[in-house]
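# Understanding the architecture of this molecule
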Amino acid sequence: MSDQPAGSVRQQRPTVAMIGVGVMGEAVLAGLLRDGWTPEQVRPVVRRPEHARQLRERHGVQCVDLAVAVESEVVVVATKPAAILGVLDELAPTLRRDAVVASLAAGVTIGAMAARLPPGVAVVRVMPNTPSVVGAGMSVLSAGPTTTEAQFDLVDEVMSAVGSTMRIPEGLQNAATAVSGSGPAYLFYVVDAMAEAGVLLGLTRVMARELAIQTLLGSATLLVQSGRHPVELREQVSSPGGTTVAALRVLDDRGVRAAFLAAMEACRDRAVELGRPADQEAAAAVGNRST
């Protein structure tokens, strides 16, 4: 633990601009404030005055215009994938050259982003997930070729404010999207299916929902705290000839494992599709500069 007083540590925190403050952007903003950033060190940029008022009331932050945001050390772009290139075009002329730009847009590659920014500007591609809203997210980070270790650490520090982080090569980003980025939706789907089945078996809807949610929460906690492989924990529940084995046999017969694989392949492929227009625009821009 550092011997420095809390105030001195806080002053060393980087300034962070938030371009686009939807669900994920607001989750990061709130996480930074919980984690010790001051409202002055977090600089949200939004288009609607009503949205700016809501953020001020909820979090005590003042929204800024782009001219102030580009002075930040870390610029987090949390817009939809279709909007990110336009945002980068707006940022590029005045962005400080030692800044690091972190994108939360699914599928958009580092190369596509770098092509819209001045040469050498650091880029980090990030895929968070929605449990970030409650500080229990999983964010997967990939650094661009000009990103220094110190800049990568800054982005890691920012995303750590909303949960765990993992650094991976960019080539694995779309696979990670299929596992953790979209993963919460699969689990919510399973919980809903379990709860509906409980109702069909005679439980009240409230009972079935509570049982399914607590079972998911408890099982995840057991996985984390025990450190044991999921197969080993599953076998502990599966007594020979018992109820759990009967249920698992049906899941196998119905191809649930294969369905998960097919679903996650579809997710990965869709992430590639989302990034393709940006890659094509980037390639065209590079071609125009070289002719």
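In short, a report on the structure.

Analysis parameters
- Residues numbered from 1 in each chain as written.
- Predicted model: local features only at pLDDT ≥ 70, side-chain atom pairs only at ≥ 80, totals over all residues.
- Heavy atoms only, no water.
- Helix = DSSP H or I, 4+ residues; strand = E, 2+ residues; numbered from the N terminus.
- Buried < 20%, exposed > 50% of the residue type's maximum accessible area, 1.4 Å probe, protein only.
- Contact = heavy atoms within 4.5 Å.
- Areas by Shrake-Rupley, 256 points an atom, 1.4 Å probe, with all protein chains shown as cover.
- Lys, Arg positive; Asp, Glu negative; His and termini not counted.
- Charge placed at Lys NZ, Arg CZ, Asp CG, Glu CD.
- Phe/Tyr/Trp six-rings, centres within 6.5 Å; stacked < 30°, edge-to-face > 60°.
- Lys NZ or Arg CZ within 6 Å of the ring centre and 35° of its normal.
- Axes fitted to C-alpha atoms, helices over the stretch in contact; angles between N-to-C directions.
- Nonpolar A, V, L, I, M, F, W, Y, C, P; charged D, E, K, R; others polar.
- Pairing = 2+ DSSP bridges.
- Right-handed = clockwise from strand over helix to strand, strands pointing away.
- Salt bridge = Lys/Arg side-chain N within 4 Å of Asp/Glu carboxyl O.

We now examine the overall build of the protein. From N to C terminus, the protein includes 13 helices and 7 strands. Every one of the 291 residues in the protein was classed for burial, and the buried ones make up 40%. Residue pairs in contact within the protein that sit at least 24 positions apart in sequence constitute 63% of those at least 6 positions apart. Looking at the protein as shown, the accessible area adds up to about 16,100 Å², and 60% of this sits on carbon and sulfur atoms. Put simply, the protein has 26 plus and 29 minus side-chain charges, and the middle of one group is 4 Å from the middle of the other.

With that settled, the discussion passes to the packing of aromatic side chains. All told, the structure shown has 1 aromatic pair when counted by the stated rule. The interplanar angle of 80° and the centroid separation of 6.4 Å between the aromatic rings of Tyr-186 and Phe-260 together place this pair among those described as edge-to-face. In this pair, Tyr-186 is assigned in helix α9 (residues 183-200) and Phe-260 in helix α13 (residues 256-290), connecting sequence segments 74 residues apart. In this structure Tyr-186 comes out as buried when scored by relative accessible area, which is 18%. Positioned above the aromatic ring of Trp-37, the side-chain terminus of Arg-13 is 4.2 Å from the ring centre. Between Arg-167 and the ring centre of Phe-152, over which it is positioned, the NZ or CZ distance is 4.3 Å.

Before going further, it helps to spend a moment on the packing of helix α8 (residues 173-181) against α9. Where α8 contacts α9, the axes come no closer than 5 Å and their chain directions differ by 30°. For the pair α8 and α9, the contacting residues are Ala-178, Val-179, Ser-180 and Gly-181 in the first and Gly-183, Pro-184 and Tyr-186 in the second. Looking at the contact of α8 with α9 residue by residue, the classes come out as 4 nonpolar, 3 polar and no charged.

Burial analysis of strand β6 (residues 137-143) places 5 of its 7 residues in the buried class, the great majority of the element. Pairing of strand β5 (residues 122-127) with β6, which is carried by 4 bridges, proceeds in the antiparallel orientation. Each bridged residue has a counterpart across the sheet, and for Val-124 the counterpart in β6 is Ala-143. When β6 meets strand β7 (residues 163-167), the two strands line up parallel, connected through 5 bridges. Bridging from a neighbouring strand, Ser-139 pairs with Thr-165 of β7. Chirality of the crossover, the property in question, places the unit of β6, helix α7 (residues 149-160) and β7 among those that are right-handed.

Another aspect to go through is the environment of Glu-265. Within the secondary structure, Glu-265 is located in helix α13. Glu-265 sits 229 residues away from Gly-36 along the chain, and the two C-alpha atoms are 39 Å apart.

Charged atoms that come close allow side chains of opposite charge to pair. The tally for this structure, following the rule as stated, stands at 15 salt bridges. A salt bridge links Arg-167 to Glu-149; the nearest nitrogen and oxygen atoms lie 2.9 Å apart. Of this pair, Arg-167 sits in strand β7 while Glu-149 sits in helix α7; the two residues are 18 residues apart in sequence, bridging distant segments of the chain. When its relative accessible area of 35% is taken as the criterion, Arg-167 is described as partly exposed. Relative accessible area serves as the criterion here: at 54%, Glu-149 is assigned to the exposed category. Measuring nitrogen to oxygen at the nearest pair gives 3.1 Å for the salt bridge that ties Glu-273 to Arg-270.

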